[in-house]
Amino acid sequence: NTELYRNMASALLSKRALLAARAKLKQADIGPLRGHASNMELLEREGAASHSDALAARGAARNAEAELLMLRQDIADIDLQLSDRKKSYQFEQEDLRRRLKDAEASRAESHTLVERAEVNAPVSGFVESLLVTEGQVVQSGAQLARIVPDGALNRVVVFAPVKDACRNAASF
């Protein structure tokens, strides 16, 4: 975004410089054209020049003045575009800074919450199996593990063929 802004500003500044150079040249042309138009009016009044020649000279001066005004308007439009783009860029940069600051604050708050997170079993005992994995998101109140309470009887139910029943009973 910054590079795009710089490229756009550079292009607009280059265009402005070219228009300003053209305006300077046009401004330099206007003086002599006005002088020529004045001379042609004088010559027309004395009968040494035709009315159409005097009109053409005045028209040339007016056209040059109109072109100069258009060049100045184009320069003013570019200045306005530059100003608008600069304000827009500054607003975007400020918005990005604010969003980054908010994200950093949210991240810090999340880290604090994670550090404070503590899971307590409802009974004392040993963990038989975990039902979730590290990093997994769970709902409040979800069962996370199976706990065998202290002092609980451990039973094993074995299904074995009858012929092995005596041997299995002795090993338990």
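Residues numbered from 1 in each chain as written. Predicted model: local features only at pLDDT ≥ 70, side-chain atom pairs only at ≥ 80, totals over all residues. Heavy atoms only, no water.

A. Layout of the overall build of the protein chain. When its secondary structure is counted, the protein chain shows three helices and two strands. For the protein chain, the C-alpha radius of gyration of 45 Å lies well beyond 16 Å, the compact-globule estimate for 172 residues. Taken across its 172 residues, the protein chain has 14% of its residues classed as buried. Sequence-distant contacts, at least 24 apart, represent 57% of the contacts inside the protein chain between residues at least 6 apart. Carbon and sulfur atoms form 55% of the exposed surface of the protein chain, whose accessible area is close to 14,100 Å². When the 24 positive and 24 negative side-chain charges of the protein chain are each reduced to one mean point, those points stand 1 Å apart. (Helix = DSSP H or I, 4+ residues; strand = E, 2+ residues; numbered from the N terminus. Rg over C-alpha atoms; globule rule 2.2 N^0.38 Å. Buried < 20%, exposed > 50% of the residue type's maximum accessible area, 1.4 Å probe, protein only. Contact = heavy atoms within 4.5 Å. Areas by Shrake-Rupley, 256 points an atom, 1.4 Å probe, with all protein chains shown as cover. Lys, Arg positive; Asp, Glu negative; His and termini not counted. Charge placed at Lys NZ, Arg CZ, Asp CG, Glu CD.)

B. Region of the structure containing the nonpolar core. Core analysis: the largest hydrophobic core is formed by 11 residues, namely Ala 9, Leu 12, Leu 19, Ala 23, Ile 30, Ala 64, Leu 68, Leu 71, Ile 75, Ile 78 and Leu 82. Elements with a contribution of two residues or more to this core: helix H1 (2-46) and helix H2 (51-116). In terms of residue count, H2 provides more of this core than any other element does, six residues in total. Apart from residues lying up to four places away in sequence, Ala 23 is in contact with Leu 68, Leu 71 and Ile 75. Formed by five residues, the second largest nonpolar core is a distinct cluster that contains Ala 37, Met 40, Ala 49 and Ala 57. (Core = buried A, V, L, I, M, F, W, Y, C linked by side-chain atoms within 4.5 Å.)

C. Summary view of H1. If you check H1, its first and last C-alpha atoms are 65 Å apart, about what 45 residues at 1.5 Å a residue would give, namely 66 Å. Three or more residues of H1 are buried, namely Ala 9, Leu 12, Leu 19, Ala 23, Lys 26, Ile 30, Ala 37 and Met 40. Lining the buried residues of H1 we find H2. Gly 47 sits one or two residues past H1 and shows a positive phi near 85°. (Expected span 1.5 Å × (residues − 1).)

D. Quick look at the environment of Leu 33. Mapped onto the elements of the fold, Leu 33 is located in helix H1. Among the residues examined, Leu 33 registers a relative accessible area of 26% and is labelled partly exposed. Leu 33 sits 27 residues away from Ala 60 along the chain, and the two C-alpha atoms are 6.9 Å apart. With sequence-adjacent residues up to four places away left out, Leu 33 is seen in contact with Ala 57, Ala 60, Ala 61 and Ala 64.

E. Layout of the pattern of salt bridges. Under the criterion given, the structure shown has eight salt bridges. In this structure, Arg 99 engages Asp 95 in a salt bridge whose closest nitrogen and oxygen atoms are separated by 3.8 Å. Of this pair, Arg 99 and Asp 95 both sit in helix H2, separated by four residues, roughly a single helical turn. For Asp 95, a relative accessible area of 22% corresponds to the partly exposed category. Taken together, the salt bridges that share partners define one network made up of Asp 95, Arg 98, Arg 99 and Asp 102. (Salt bridge = Lys/Arg side-chain N within 4 Å of Asp/Glu carboxyl O.)

F. Focus on the packing of H1 against H2. In contact at an axis separation of 7 Å, H1 and H2 are set at 160° when each is read in the N-to-C sense. By the angle between their directions, the pair H1 and H2 is classed as roughly antiparallel. At the point where H1 passes H2, the crossing takes the left-handed sense. (Axes fitted to C-alpha atoms, helices over the stretch in contact; angles between N-to-C directions. Parallel < 35°, antiparallel > 145°, perpendicular 65-115°, else oblique. Left-handed = near helix turned anticlockwise from the far one by under 90°.)

G. Main features of H2. Between its terminal C-alpha atoms H2 stretches 96 Å, which fits the 98 Å expected from 66 residues at 1.5 Å a residue. Among the residues making up H2, those that are buried are Ala 54, Ala 57, Arg 58, Ala 61, Ala 64, Leu 68, Leu 71, Ile 75, Ile 78, Leu 82, Tyr 89 and Gln 93. Contact partners of the buried residues in H2: H1.

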